[in-house]
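Below, each chain spelled out in residue letters.
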Amino acid sequence: MVSSRSYIHHNEEHEEAVVVEHIGKTFYLTREGHLLKRLRNRAHQERIRALHDITFRIQRGEIFGILGPNGSGKSTLIRILSTLIIPDEGRAWIFGHDVVREDMIVRRLINRVSVEASFFKKLSPVENLMYGARLYGLSGPEARQRIHRILRRLGLRETSYTQPMENMSRGMQQKVAIARAFLTSPILLLLDEPTTGLDPRSKREVQSLILELRDEHDATILLTTHDMVEAENLCDRIAILDEGRIVALDTPDNLKARIAPYPEEVTMEDVFMALTGKALDTTGDAILAHA
Amino acid sequence: MLRTVRMELRASYAFIERNINLMRRYMGWEIVWFAYSLASALSITYIGAAMERISGTSVNTDYLILYLLIGTLVWRFLSVVFNDISEMIQWERWEGTIEYTLMAPIHRLTHMMGQTAFAVLHGAIFTLAIAGVIVLFFHISLAQANLLGSTLMLIAGSLSFIGMGIMASVLPLLFPERGAQMTNVVQALLLLFSGVYYPVDVLPSWMQLIARASPATYVLEGIRQAILNGVPTRALLPTILYLVAVGIGLMVVGLWVFEQAERYAKRTGKLKRNG
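Parameters at a glance
Residues numbered from 1 in each chain as written. Chains lettered and ligands numbered in written order. Predicted model: local features only at pLDDT ≥ 70, side-chain atom pairs only at ≥ 80, totals over all residues. Helix = DSSP H or I, 4+ residues; strand = E, 2+ residues; numbered from the N terminus. Contact = placed C-beta atoms within 7 Å. Expected span 1.5 Å × (residues − 1). Buried ≥ 20, exposed ≤ 12 C-beta atoms within 10 Å, placed from the backbone. Arc of directions from axis to C-beta. Core = buried A, V, L, I, M, F, W, Y, C linked by C-beta atoms within 7 Å. Pairing = 2+ DSSP bridges. Axes fitted to C-alpha atoms, helices over the stretch in contact; angles between N-to-C directions. pLDDT = per-residue confidence, 0-100. Parallel < 35°, antiparallel > 145°, perpendicular 65-115°, else oblique. Left-handed = near helix turned anticlockwise from the far one by under 90°. Nonpolar A, V, L, I, M, F, W, Y, C, P; charged D, E, K, R; others polar. Right-handed = clockwise from strand over helix to strand, strands pointing away.

1. Observations regarding the environment of A:Leu255
Looking at the element boundaries, A:Leu255 is found in helix H9 (residues 252-259). Among all residues touching A:Leu255, those that are not within four sequence positions of it are A:Ile238, A:Ala248, A:Asp250 and A:Val271.

2. A word on helix H1 (residues 2-25) of chain B
Over its 24 residues, H1(B) extends 34 Å from the first C-alpha to the last, a length consistent with the 34 Å expected when each residue adds 1.5 Å. Within the sequence span of H1(B), burial applies to B:Met7, B:Arg10, B:Ala11, B:Ser12, B:Ala14, B:Phe15, B:Arg18 and B:Asn19. Buried-residue contacts for H1(B) involve helix H4 (125-135) of chain A together with helix H6 (108-134) of chain B.

3. Looking at helix H7 (residues 200-217) of chain A
Think of an α-helix as 3.6 residues a turn; residues three or four steps apart then line up on the same face. All names here are of chain A. Between the first and last C-alpha of H7 there are 25 Å, a value that for 18 residues agrees with the 26 Å anticipated at 1.5 Å per step. Looking at H7, one finds that the buried residues are Glu 205, Val 206, Ile 210 and Leu 213. Along the axis of H7, the buried positions cluster into a sector of 145°, meaning they face one direction only. In this structure, H7 carries Pro 200, Arg 201, Ser 208, Asp 215 and Glu 216 as exposed residues pointing more than 90 degrees from its buried face. Residues of H7 that are buried in the fold lie against helix H6 (170-183), strand E7 (188-192), strand E8 (220-225) and helix H8 (228-234). Positive backbone phi, at 55°, marks Asp 218, one or two positions downstream of H7.

4. Re the nonpolar core
If you look at the biggest cluster of nonpolar residues, it comprises 146 residues, and the most contacted ones within it are A:Leu81, A:Ile94, A:Leu188, A:Ile221, A:Leu222 and B:Val74. Top contributing element to this core by residue count: helix H3 (residues 61-86) of chain B, with 14 residues. Contacts of A:Leu81, omitting those with residues within four sequence positions, involve A:Val18, A:Ala92, A:Ile94, A:Val99, A:Leu190 and A:Leu222.

5. Some points on the sheet that holds strand E9 (residues 237-242) of chain A
Residue and element names in this part refer to chain A. As summarised here, the arrangement of the 6 strands in space is E6-E7-E8-E3-E9-E10, forming an open sheet in which the pairing is mixed. With one partner strand each, in any of the chains shown, strand E6 (110-113) and strand E10 (245-250) form the two edges of the open sheet. Averaged over all neighbouring strand pairs, the angle between strand axes comes to 15°, with direction disregarded. The sheet contact formed by strand E3 (residues 63-67) and E8 spans 5 bridges and is parallel. Bridge pairing in E8 links Phe 64 to Leu 222. Sitting on the sheet, helix H2 (residues 74-81) is in contact with E3, E6, E7, E8 and E9, with an inclination near 155° to E7.

6. Considering the confidence of the model for chain B
Overall, the predicted model of chain B reaches an average pLDDT of 92, with 99% of residues at or above 70. As a predicted assembly, this complex carries a pTM of 0.87 together with an ipTM value of 0.88.

7. Quick word on the packing of helix H7 (residues 147-169) of chain B against helix H12 (residues 233-268) of chain B
Residues and elements named next belong to chain B. Close contact between H7 and H12 brings their axes to 7 Å; oriented N to C, the two are set at 15°. Classed by the angle they form, the pair H7 and H12 counts as roughly parallel. At the point where H7 passes H12, the crossing takes the left-handed sense. Here the contact of H7 with H12 is composed, by residue class, of 21 nonpolar, 9 polar and no charged.

8. Looking at the pairing of E8(A)
Residues and elements named next belong to chain A. With 6 of 6 residues buried, E8 lies mostly within the body of the structure. The two faces of E8 match: Thr 220, Leu 222 and Thr 224 on one face and Ile 221, Leu 223 and Thr 225 on the other face are all buried. The pairing of E7 with E8 spans 5 bridges and is classified as parallel. Across the sheet, the residue bridging to Leu 189 is Ile 221, located in E8. Each parallel crossover has a hand, and the one from E7 via H7 to E8 is right-handed.

9. A closer look at the interface of chain B and chain A
Listed by partner, the interface residues are 27 residues for chain B and 28 residues for chain A. Looking at which element gives the most residues to the side of chain B that touches chain A, the answer is H1(B), with 11 residues. Residues of the side of chain B that touches chain A, tallied by class, amount to 13 nonpolar, 4 polar and 10 charged.

10. Points about the sheet that holds strand E2 (residues 45-59) of chain A
Residues and elements named next belong to chain A. On the basis of which strands lie adjacent, the open sheet formed by 4 strands has the order E2-E1-E4-E5 and antiparallel pairing. At either end of the open sheet lies a strand with only one pairing partner, and these are E2 and strand E5 (97-98). Where strand E4 (residues 89-94) meets E5, 2 bridges bridge the pair, whose relative direction is antiparallel. Across the sheet, the residue bridging to Trp 93 is Asp 98, located in E5.

Here's what the structure looks like:
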């Protein structure tokens, strides 16, 4: 496999892993109704402004968190950086490569773990990982060696290596998803709510894997979450996204200092409520704060 | 350069290996599909065997059996190739893996090559297995058949089905809920218009015009010429070359259409919808 590091733009020193400038995205959702009716009537399309003038930079080696409720635009942003959505406005670069114009190079540099584990459910972890490894150009023997090493590291029982993924717990599936990302040695890892829906133990294990990726594999990490504690514990800096706009961006301590003279007395949840006027309910949906 | 080619070939092989693994895991459905296809092929071929009794007139039964058998086997092969390619996006939507596959650092040509190689291999094994069972039920003589010519005709014709399959595969990309239904309609129309079980000149004239636009019409006519009448390969060459040209054209257009559809889906956010 060609090392993802060999694709880093050599003309400049790219201490900036991600540069996002004035990104905007609008979706048009078609409401129910037959085709002719929908074509005749534009009112049958609902306009959703997913992202509005998003600008930020991520330094190499940083864990950068994006905190926001469901529907705030976190996943759309991750998809734009993953080359899966083309923005309407603005541009984004990963290690100096434009995500739209140089999408093939960008794909070599990144990997993504999403909230859905995205596996062939009837295939085993080894079969799924083998598919991923070959897509990224690894040879069969090299892939097998890496897969077994990573699965052992994750603590998977050898008997489960060949069992269908659908028989595994969600926590275990999510760990295999992270293993798949490890496998291709990305230098930017996009983690889209990787711990949502996991039990506390699985959540902690996934979080420790994230830290290991950064510390031992020199990866930069962009993490979206609506778990305030997770964001505070893992992230060097946090952007708070609400209704497609960044309402605040700073280190956890500085964010807290914005709303209270004694930061140790406030939580990230207080910060979120103060800056957005909303609270997060248990499922991650934003609800209006009651005064 | 060599390293890039090697990586692309490995990526292409990823689709073959993945599909073989999926086939193994869904073996129950593969057996059901085989049993259904075999029963359907036998039923159609028995129409040939029964024609003398049905019509009450003298019929060249062996010729009719072979005529129908060619139709059912060629159609089986071409439809498996078409299905495997046209459903590549639909499968991934069902599994929820479409975004993972489409963000892999591979060219669409590499993706298509892998999917196509599997489809042709799958179609060939599936069809040969059906043929192997059918010959146990009927006395089939291939004494005057030009097998080389018919094989070349089939290969040339499958290029067009690969191209059409690639084009049809974009339907689930553009229409997440109705795309798969549309793909089945395309396949049904090809079956109706292409003279799979009858000469196209029995169709109304407007249907014959459409039949002449279908590559399957030429494949079936050419293979019947080669097997039933023993027409030599040299005489089949113009049709073979025509099919190769049309096939390459359809594959190039198919790839272009797929890339445009992928871009459209990325602009409108249609990739993310699963199921």
